[in-house]
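So you can see what is in the structure, the chains are spelled out below.
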Amino acid sequence: MKILHVSSEMLPYAKTGGLGDVVGALPRYLSRRGHDVRAFIPLYDTMDTDAVDLDLVIPELTFPMGHHQIRTRIFRDADNPTAYFVHCPGLYSRGSIYTGHDDEHRRFLALNVAALTACQYLGFAPDVIHCHDWQAAMLPLLLKVRFGWDRLFANTRTLLTIHNLNYQGGFSSAVVPDLHIGGSEHLLHQELLAQGRVNFLLHGILYADGVSTVSPTYAHEIQTPEFGAGMDSFLRQRSSTVVGVLNGVDYEEWTPAADPLIPFRYSADDLSGKERNKEALLNAMGLPYVKGVPLIGVVSRMASQKGFHLVPGVLPGLLARRDVQLVALGSGDPRIEDIFASLQRYFPRQVSYYRGFSNKLAHFIEAGADIFMMPSVYEPCGLNQMYSLRYGTIPVVHRTGGLADTVQLVDPVNGTGTGFLFDHHTEEGLRWGLTTALKAYRTPGLWEKIVANAMAMDYSWEHQTLVYEELYSRLVS
Ligand code: ADP
């Protein structure tokens, strides 16, 4: 198949979260399966262009957008021919991937139009265009209206993947002329338009041939008012086309037996390296190592979605009463950062917090911690709990979205399960999850079984790519 991906993020070039991981992996795995894949992202000024060998593929691509004339050039990574970049410094040289600027809509509309126009230029007729999140959600409508005349796209089907329903691309209706859809404005959602607004994600939900999200449970949740973020009724209308496909894990990057970013490699057969990583991690984070004291790890964006507002009501009591330590990494909302900073102040021998972004430390924490805490309010898929499983670091999670689909509750009697899920997002829930995990840690023979179960789980891209392949085939047929 010929497959086009359109996304605002793609590892290793541009990433703020899970979207970057997915678009960094899926096109690569699809092309290994023999498909002809092109993935388009903006050429941001934040990208390390010294590390990428860029080939100029299209010297000039110009198209109108409202009163503006957008001039772009298209590059390709010489070492990764699936990766295409839309060069337009006026739009993408802003010092960050996302901005709150007035023309944010235009930055990503230009990406969509450039990708489609580049297909025309290259004579690339995609069977499937895989649109990621609101930044590419207007593409199905643009394809019908602005590009419908071109036979090149006569058999093209579109798939919208929602990586996080809470980011929707909502703008004032003043942006409508930039869509350049002439006499087809009646295709926009009229009620919203009458209120002076336009919602990009909504139009993807309405016009893409298929809609997917990143876990089966989240696919179900987003069709309910509680998790639907105002989109649930539209998603319910398209219920038969809404599916959940779990993200895969790039085990080439995340495998403790071959991870160059951790000091001691280990495997399920020989876990001695894990204990040595723990000692080294505590050392590096300025905490004492005492054998037998469990270590809880956190690696996360510090955003309200991640549910850390439960922590001040639970962790101080636990840290005061029990022999337990905590290592946390992440940055974002200063109020959430402060939760971890103050735990570190009150428990300086038990808690260490690194405010920032560090892929190396993320790997080190996965390898060195015993328990991984992820109390997300909602979680479309979540990657860290899957990394944790592979590293034998037992997740304590809220039973929601992808967390519910990837972590199986431990049964201490039979020694089955891979982690601890709490049903209600409350302090009692998180306290139960953590204390139950700590009890299991101290139960002779049980912890080793849970670790073995966790490390045996397989959420590889090899497998998930086949699921996407099947989804594409259904769309095309
Ligand atoms: P989300 O996309 O909501 O942030 P995911 O769990 O799907 O959550 O993906 C998060 C990704 O970002 C993971 O690869 C995780 O390791 C990484 N990450 C998040 N915060 C940090 C950080 N401070 N330092 C390093 N990596 C981080």
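Residues numbered from 1 in each chain as written. Predicted model: local features only at pLDDT ≥ 70, side-chain atom pairs only at ≥ 80, totals over all residues. Heavy atoms only, no water.

### A closer look at the overall build of the protein
In step 1: On a plain count of helices and strands, the protein comes out with 18 helices and 17 strands.
In step 2: In terms of overall dimensions, the protein is globule-like: its C-alpha atoms have a radius of gyration of 23 Å, near the 23 Å expected for 477 residues.
In step 3: Over its C-alpha atoms, taken along the principal directions, the protein stretches across nearly 70 × 45 × 40 Å.
In step 4: A buried classification covers 58% of the 477 residues belonging to the protein.
In step 5: Sequence separation of 24 or more characterises 72% of the internal contacts of the protein that already satisfy a separation of 6 or more. (Helix = DSSP H or I, 4+ residues; strand = E, 2+ residues; numbered from the N terminus. Rg over C-alpha atoms; globule rule 2.2 N^0.38 Å. Buried < 20%, exposed > 50% of the residue type's maximum accessible area, 1.4 Å probe, protein only. Contact = heavy atoms within 4.5 Å.)

### Thoughts on the site of the ligand
In step 1: Taken together, 19 residues lie around the ligand, and Gly18, Arg301, Lys306, Gly356 and Leu383 are the ones closest in.
In step 2: Note that a nitrogen atom of the ligand is positioned 3.0 Å from one of the backbone N or O atoms of Ser358.
In step 3: For the ligand, an oxygen atom lies 3.2 Å from a polar atom in the side chain of Asn384.
In step 4: Protein coverage of the free-state accessible area of the ligand, which is 560 Å², stands at 94%.
In step 5: Those elements that provide at least two residues to the shell around the ligand are helix H1 (18–32), helix H13 (359–368) and helix H14 (384–390).
In step 6: For the shell around the ligand, the class distribution of residues is six nonpolar, nine polar and four charged. (Near = heavy atom within 4 Å. Polar contact = N/O pair within 3.5 Å; in protein donor to acceptor, adjacent residues only side chain to side chain. Areas by Shrake-Rupley, 256 points an atom, 1.4 Å probe, with all protein chains shown as cover. Nonpolar A, V, L, I, M, F, W, Y, C, P; charged D, E, K, R; others polar.)

### Details of the pattern of salt bridges
In step 1: Summed over all chains, the structure comprises 16 salt bridges.
In step 2: Here Asp103 makes a salt bridge to Arg94, at a shortest N to O gap of 2.7 Å.
In step 3: For the salt bridge of Arg107 with Glu104, the shortest nitrogen-to-oxygen distance reads 2.8 Å. Of this pair, Arg107 and Glu104 both sit in helix H3 (residues 104–122), three residues apart, roughly one helical turn. (Salt bridge = Lys/Arg side-chain N within 4 Å of Asp/Glu carboxyl O.)

### Some words on the packing of helix H16 (residues 427–441) against helix H17 (residues 446–455)
In step 1: Contact pair H16 / H17: the axes reach a minimum separation of 7 Å and the direction vectors enclose 110°. Of the possible angle classes, the one that applies to H16 and H17 is roughly perpendicular. Between H16 and H17, the residues in contact are Ala437, Ala440 and Tyr441 and Leu446, Trp447 and Ile450, respectively.
In step 2: Broken down by class, the residue content of the contact of H16 with H17 amounts to six nonpolar, no polar and no charged. (Axes fitted to C-alpha atoms, helices over the stretch in contact; angles between N-to-C directions. Parallel < 35°, antiparallel > 145°, perpendicular 65-115°, else oblique.)

### A few points about the domain arrangement of the protein
In step 1: Under the domain assignment used here, the protein contains domain 1 (2–248 + 462–476) and domain 2 (272–458).
In step 2: On a C-alpha basis, the centres of domain 1 and domain 2 stand 34 Å from each other.
In step 3: Each partner contributes to the interface: domain 1 provides 18 residues, whereas domain 2 provides 17 residues.
In step 4: The junction of domain 1 with domain 2 conceals about 1,200 Å² of combined surface from both sides, 58% of it contributed by carbon and sulfur atoms.
In step 5: Applying the counting criterion to the domain 1 and domain 2 interface returns zero salt bridges.
In step 6: In this structure, the connection of domain 1 to domain 2 is made through eight residue pairs in polar contact (both at pLDDT 80 or more).
In step 7: Of all elements in the fold, only H1 and helix H8 (216–221) reach the threshold of two or more residues within the side of domain 1 that touches domain 2. (Domains from an automatic or database assignment. Buried area = accessible area lost by both parts, 1.4 Å probe.)

### A closer look at the packing of aromatic side chains
In step 1: Evaluation of the coordinates by the stated rule reveals 16 aromatic pairs.
In step 2: Aromatic side chains Tyr218 and Tyr378 sit 6.5 Å apart centroid to centroid with 10° between the ring planes, which places their arrangement in the stacked category. Pair noted here: Tyr218 is in helix H8 and Tyr378 is in the loop between strand E15 (371–374) and H14, with a separation of 160 residues, a long-range link.
In step 3: Residue class for Tyr378 comes out buried when judged on its relative accessible area of 12%.
In step 4: Counting every residue linked through ring pairs, the aromatic cluster contains Tyr98, Phe108, Trp134, Phe171 and Phe200.
In step 5: The ring centre of Tyr29 lies 4.7 Å from the NZ or CZ of Arg32, which sits over that ring.
In step 6: Sitting over the ring of Tyr251, Arg390 keeps its end group 3.7 Å from the ring centre. (Phe/Tyr/Trp six-rings, centres within 6.5 Å; stacked < 30°, edge-to-face > 60°. Lys NZ or Arg CZ within 6 Å of the ring centre and 35° of its normal.)

### So, the sheet that holds strand E13 (residues 325–329)
In step 1: If you trace the six strands from one edge of the open sheet to the other, you get E14-E13-E12-E15-E16-E17, paired in parallel fashion. Both edges of this open sheet fall to strand E14 (351–354) and strand E17 (420–422), since each of them pairs with a single strand only. Across this sheet, the average inter-strand angle for adjacent strands is 15°, counted without regard to direction.
In step 2: As paired elements, E13 and E14 share four bridges and run parallel to each other. In the sheet register, Val327 faces E14, and the bridge partner there is Ser352. (Pairing = 2+ DSSP bridges.)

### Description of the side chain of Arg38
In step 1: The residue Arg38 is located in strand E2 (residues 36–42) in this model.
In step 2: According to the relative accessible area criterion, Arg38 is buried, its value standing at 16%.
In step 3: Here the side chain of Arg38 touches Asp36 through a polar contact of 3.2 Å, side chain to side chain.
In step 4: Once residues lying within four places of it in the same chain are set aside, the contact partners of Arg38 are Ile3, Leu4, His5, Thr82, Tyr84, Leu122 and Phe124.

### Focus on the packing of helix H11 (residues 311–321) against helix H12 (residues 334–346)
In step 1: Where H11 contacts H12, the two axes come as close as 11 Å, and the packing angle between them is 15°. By the criterion of interaxial angle, the relationship of H11 to H12 is roughly parallel. As for how H11 packs across H12, the hand of that crossing is right-handed. Along the contact surface, H11 presents Val311, Pro312, Leu315, Pro316 and Leu319, while H12 presents Ile339, Phe340 and Leu343. (Left-handed = near helix turned anticlockwise from the far one by under 90°.)

### Section: the environment of Arg106
In step 1: Tracing the backbone shows Arg106 in helix H3.
In step 2: Accessibility expressed as a relative area gives 15% for Arg106, which makes it buried.
In step 3: Distance from Arg106 to Leu179, taken between C-alpha atoms, is 8.7 Å for residues 73 residues apart in sequence.
In step 4: Not counting residues within four places of it along the chain, the set of residues in contact with Arg106 comprises Met65, His68, Ile70, Leu91 and Asp178.

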